[in-house]
Amino acid sequence: MANFFELTIEQTFDRLRPTIKQIIRKDKPHIAVMLMTKTLDEPLEIIEDHADQPPRRFLWRQHERQLTACGAHWIQRGRWWLGETPKSYFRITTLDNITIDLCLDRASHTWTVARIWD
């Protein structure tokens, strides 16, 4: 496998594709925007809940948020040898157009905002 610094631009984009959104413009096709994320792990208060689904409405940072779309779902098993339990993650978009990764800790049945996308 090639050193990261020896990769071509195309190979770099292929490796970083999950975090890069390429903007294609006729006058400047080379422009790309890096999507930034912030890891938060902040608790939220559920207003409207559905079993094993992301909450439809929740309170986070003193603002009520409403789910408009759920784009992805995945489970991280955790390091069982350290006593970590599986967690479900949901990438959602809210009514105010914020993309957030919500985390459901299956053992404690608590929700947190795991990550926010800029």
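Values in this document were obtained by computation on a predicted structure and should not be read as measured data.

Right, let's get into the overall build of the protein chain. If you tally the helices and strands in the protein chain, you get 1 helix and 9 strands. Starting at the N terminus and walking to the C terminus, you meet the elements of the protein chain as α-β-β-β-β-β-β-β-β-β. Classification of the 118 residues of the protein chain by burial places 23% in the buried group. Across the protein chain, contacts joining residues at least 24 apart in sequence account for 33% of those joining residues at least 6 apart.

Here the focus is the pairing of strand β7 (residues 87-94). Examined bridge by bridge, strand β6 (residues 63-76) and β7 share 8 bridges and lie antiparallel to one another. In the sheet register, Gln-76 faces β7, and the bridge partner there is Lys-87. Bridging between β7 and strand β8 (residues 99-105) involves 7 bridges; their strand directions are antiparallel. Residue pairing for β8: Lys-87 is matched across the bridge by Asp-105. In this antiparallel pair of consecutive strands, β7 and β8, the connection spans 4 residues, and Asn-97 shows a positive phi of 65°.

Our next topic: the packing of aromatic side chains. Counted under the stated rule, the structure contains 3 aromatic pairs. Between Trp-80 and Trp-81, the aromatic rings sit 5.7 Å apart at their centres with planes inclined by 90°, giving edge-to-face as the arrangement.

Counting buried residues in β8 gives 6 out of 7 residues, a clear majority hidden from the surface. Of the strand pairs in this sheet, β8 and strand β9 (residues 110-117) are connected by 7 bridges, and their pairing is antiparallel. The partner of Asp-105 across the bridge, within β9, is Thr-110. Hairpin connection, β8 to β9: the antiparallel pair is bridged by 4 residues, and His-109 has positive phi, about 55°.

Taken together, 7 strands build an open sheet; the order of strands is β3-β9-β8-β7-β6-β5-β4 and the sheet is antiparallel. The open sheet is flanked by β3 (37-43) and β4 (45-48), the only strands paired with a single partner. Looking at each pair of strands side by side, their axes are set apart by 35° on average, direction ignored.

Calculation rules
- Residues numbered from 1 in each chain as written.
- Predicted model: local features only at pLDDT ≥ 70, side-chain atom pairs only at ≥ 80, totals over all residues.
- Heavy atoms only, no water.
- Helix = DSSP H or I, 4+ residues; strand = E, 2+ residues; numbered from the N terminus.
- Buried < 20%, exposed > 50% of the residue type's maximum accessible area, 1.4 Å probe, protein only.
- Contact = heavy atoms within 4.5 Å.
- Pairing = 2+ DSSP bridges.
- Phe/Tyr/Trp six-rings, centres within 6.5 Å; stacked < 30°, edge-to-face > 60°.
- Axes fitted to C-alpha atoms, helices over the stretch in contact; angles between N-to-C directions.

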